[in-house]
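An overview of the molecular structure
This is what each chain is made of:
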Amino acid sequence: MLELDGSAYLSSAIATHHPLDLVVIMLGTNDVKAMFERSPFRIAIGMGKLIDIVEQTGGGVGTSYPAPKVLVLSPPPLGNVAPEGRAERFAGGVEKTEALPPLYEAIAEAAGAEFYDVGTLATTDGVNGVHFSPETHNAIGVGVAEKVMSILE
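The structure contained in this document is the topic of the report that follows. A quick note: this is a predicted structure, and the numbers were derived from the prediction, not measured.

Quick look at the nonpolar core now. Across soluble globular proteins, you tend to see nonpolar side chains buried next to one another. Core analysis: the biggest nonpolar cluster contains 23 residues, and Ile-25, Val-54, Val-70, Val-72 and Tyr-104 have the highest contact counts within it. Only helix H1 (7-15), strand E1 (22-26), helix H2 (40-55), strand E2 (69-74) and helix H4 (93-111) provide two or more residues apiece to this core. By residue number, the principal contributor to this core is H2, which donates 7 residues. Those residues in contact with Val-70 that lie beyond four places of it in its chain are Leu-22, Val-23, Ile-25, Ile-51, Val-54, Glu-55, Ala-113 and Glu-114.

Two numbers describe how H1 lies on H2: the axes approach to 9 Å, and their chain directions differ by 25°. With respect to their mutual orientation, H1 and H2 come out roughly parallel. For the element pair H1 and H2, the recorded crossing hand is right-handed. Facing H1, whose interface residues are Ser-7, Leu-10, Ser-11 and Ile-14, H2 presents Lys-49, Leu-50, Ile-53 and Val-54. By residue class, the composition of the contact of H1 with H2 is 5 nonpolar, 2 polar and 1 charged.

Quick notes on the rules
Residues numbered from 1 in each chain as written. Predicted model: local features only at pLDDT ≥ 70, side-chain atom pairs only at ≥ 80, totals over all residues. Heavy atoms only, no water. Core = buried A, V, L, I, M, F, W, Y, C linked by side-chain atoms within 4.5 Å. Buried < 20%, exposed > 50% of the residue type's maximum accessible area, 1.4 Å probe, protein only. Helix = DSSP H or I, 4+ residues; strand = E, 2+ residues; numbered from the N terminus. Contact = heavy atoms within 4.5 Å. Axes fitted to C-alpha atoms, helices over the stretch in contact; angles between N-to-C directions. Parallel < 35°, antiparallel > 145°, perpendicular 65-115°, else oblique. Left-handed = near helix turned anticlockwise from the far one by under 90°. Nonpolar A, V, L, I, M, F, W, Y, C, P; charged D, E, K, R; others polar.

Below, the structure is given as structure tokens:
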């Protein structure tokens, strides 16, 4: 099975970009693909792993920078996934993405991270039920920017 686990690189990415005030993480949509056989719980545990990695990056490489804050974004639930081949890849994905917000919120709270449910801003209204239209990208950008500003005030 194909594994595209970015956690192996996350510490290096953060250390080479210090100082950082905030790391924003929005994952979950591709994790619900049927081929990965991941439950919403396992997806949320994966998010917890990423939060933990960020929170352990204080100091960087030979520096005394503090670890950045973390903002967890829960992606919006999948829409009507089409065409047929894509729908098969995301079988069960609607229900899994609908289950993520409360799990992500609990993980973020337990880790002392911030949380924002992007599903309150937008839906997956692109041509295939997975991606976003340009208008939705804009709505997400504006909403997340407001959340980021409130965190960094």
